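Geometric and topological summary
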Amino acid sequence: MNSLIKFSQEVEQAINDRKPIVALESTIISHGMPYPQNVEMARTVEQIIRDHGAVPATIAIMNGELKVGLEAEDLELLATAENVSKVSRRDLSEVIASKGLGATTVATTMIIAHMAGIKVFVTGGIGGVHRGYEEHMDVSADLVELGQTPVTVVCAGAKAILDLPRTLEYLETQGVPVMGYQTDYLPAFFSSTSDYKLNSRVDSALEVAQRMVSADMMELKGAHLVANPIPKEHEIPQSEIDGIIAQALAEEREAGVKGKDSTPFLLAKIVELTEGRSLAANIELVYNNARLGAEIAAEYHQIKNAQEAMKNISFV
Ligand code: PSU
Ligand code: MN
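Numbers given to residues run from 1 along each chain, matching the order in which its sequence is written. As a convention, the first chain written is A and the first ligand written is 1, with the rest following in written order. It should be noted that, the model being predicted, local features are given only for residues of pLDDT at least 70 and side-chain atom pairs only at 80 or more, the latter also being counted only at that level, while totals for whole chains, interfaces and linings use all residues. Side-chain measures were taken over the full set of non-hydrogen atoms in the model, leaving aside hydrogen atoms and water.

A few words on the side chain of Asn288. Assignment of secondary structure puts Asn288 in helix α13 (residues 277-312). Polar side-chain contacts of Asn288 include one of 3.1 Å to the backbone oxygen of Pro229. Note on conventions: DSSP H or I runs of at least 4 residues are helices, E runs of at least 2 residues are strands, and numbering of each starts at the N terminus. By the criterion applied in these results, polar contacts are pairs of N or O atoms within 3.5 Å in which, for protein atoms, one can donate a hydrogen and the other can accept it, and in which residues neighboring in sequence qualify only through two side-chain atoms.

With that out of the way, let us pick up the site of ligand 1. What makes a residue near a molecule or strand is one non-hydrogen atom of that residue sitting within 4 Å of it. For ligand 1, the set of nearby residues contains 16 residues, the closest of which are Glu25, Lys86, Ser140, Asp142 and Lys159. The separation between an oxygen atom of ligand 1 and a polar side-chain atom of Lys86 is 2.8 Å. Within the side chain of Asp142, a nitrogen or oxygen atom sits 2.7 Å from an oxygen atom of ligand 1. The method behind every accessible area is Shrake-Rupley, applied with a 1.4 Å probe, and residues are considered shielded solely by the protein chains displayed. Here ligand 1 loses 94% of its free accessible area of 470 Å² to cover by the protein chains. Here a cavity is any set of points on a 1 Å grid over the protein atoms alone where a 1.4 Å probe fits but cannot get out, and a pocket is any open set with protein on both sides within 12 Å along at least 5 of 7 lines; a residue lines the site when it has an atom within 4 Å of a point. For a molecule to be placed in a cavity or pocket, more than half of its atoms must lie within 2 Å of the grid points of that cavity or pocket. Most atoms of ligand 1, that is more than half of them, are within 2 Å of grid points of the largest pocket. For the shell around ligand 1, the secondary structure elements donating two or more residues are α2 (27-30) and α12 (262-273). Tallied by class, residues from the shell around ligand 1 come to four nonpolar, seven polar and five charged. Residues are grouped as follows: Ala, Val, Leu, Ile, Met, Phe, Trp, Tyr, Cys and Pro are nonpolar; Asp, Glu, Lys and Arg are charged; all remaining types, including Gly, are polar.

A separate point is the environment of Glu134. Note on placement: Glu134 falls in helix α7 (residues 133-136). On the accessibility criterion, Glu134 (59% relative accessible area) is exposed. When a residue's accessible area, from a 1.4 Å probe over protein chains only, is under 20% of the maximum for its type it is buried; when over 50% it is exposed; and in between it is partly exposed.

Orientation of helix α11 (residues 238-255) relative to α12, taken along the N-to-C sense of each, is 130°, at an axis distance of 9 Å. On the basis of their axis angle, the class for α11 and α12 is oblique. Crossing of α11 over α12 shows right-handed handedness. Contacts from Ile241, Ile244, Ile245, Gln247, Ala248, Leu249, Glu251, Glu252 and Ala255 in α11 reach Ser262, Phe265, Leu266, Lys269, Ile270 and Leu273 in α12. Across the contact of α11 with α12, the residue classes tally to ten nonpolar, two polar and three charged. The axes used here are C-alpha line fits, helices contributing only the stretch in contact, and every angle between their N-to-C directions lies in the interval 0 to 180 degrees. Every angle not falling under 35 degrees, over 145, or within 65 to 115 is termed oblique; those three ranges are roughly parallel, roughly antiparallel and roughly perpendicular. Crossings are sorted by hand: turned counterclockwise from the far helix by less than a right angle, the near helix makes the crossing left-handed, and turned clockwise it makes it right-handed. Working rule for contacts: check all heavy atoms of both residues, and any pair within 4.5 Å makes them a contact.

Here we take up the pattern of salt bridges. For salt bridges, the criterion is a side-chain nitrogen of Lys or Arg within 4 Å of an Asp or Glu carboxyl oxygen. Going through the model one piece at a time under the given rule, you end up with 16 salt bridges. One salt bridge in this structure joins Asp74 and Lys67, with 3.4 Å as the shortest N-O distance. When its relative accessible area of 10% is taken as the criterion, Asp74 is described as buried. Among the ionic pairs, Lys311 bridges to Glu308, the shortest N-O distance being 3.4 Å. Here the residue Lys311 and the residue Glu308 both occupy positions in helix α13, the gap between them amounting to three residues, near one helical turn. Residue class for Lys311 comes out exposed when judged on its relative accessible area of 63%. What emerges from the salt-bridge pattern is a single network uniting Glu10, Glu46 and Arg50.

What follows is the structure in structure tokens.
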């Protein structure tokens, strides 16, 4: 195991007991939601994973260590501290060398989960190709990571602040299977559906686990992306969110916000413009993903254990 990795007691125990583990990111805590909802969400999502038969491992960078599994006070610090950097792949060596405090994005959470041997990772939304790509070329490093790191990522699709068709094209180029969970269309984060048809659909956690095992057998290097729609009762329909997103994008342009500050700016702006409704939706979709992620991890675990057992049978 990599010497920079520091497991929490709970995760260490889970590894020893060979229990299924689900990784969680920390940028959503430090840069994706306001306090105190962020820390409350972080605690609840961990509990949902425990209640569904897996062990949560929230990932962050603290004092030059890659922390896999956080204590209550770590979550509180990430939720409140002013000096938490948003760490994507390019920022990793800097934050480790300077022993800084870092929240991990989808890309870095995948990297660290993979180093720690964790196969399933639950988040809210992935980064993508930003609108206006022709001008600024802003493509999240999440998409490249999905093409090269074998972790299954459960998300609620991508936010319509992004260019969704280009995001799908980019993922295709990177060889990333995008599976609609019980849907044929790409979910759009706050909204349960979009106009973009997917090539692949799964209807159970077991089906996802079977695809993971197939990829393992071929030693394929990329991720599986599971797109799990927000439950209808919590969604903000497309017709309603579209105008709000347009306004948030206009204000972003006005303020001259770019690069890594773009996603946090837009998320906060949408919370403001929806008077908190988008935050409530965001929290619910993460919970929904946590339930599915835990089930996938449990199914995968079962197949792997069965394979292991077969290997150990000796015919005398
Ligand atoms: N989408 C959300 N909430 C988030 C993010 C995305 O709804 O907090 C975060 C994730 O950590 C994701 C990152 O990996 O933003 C993408 O940022 P960028 O576009 O700068 O790569
Ligand atoms: Mn970017």
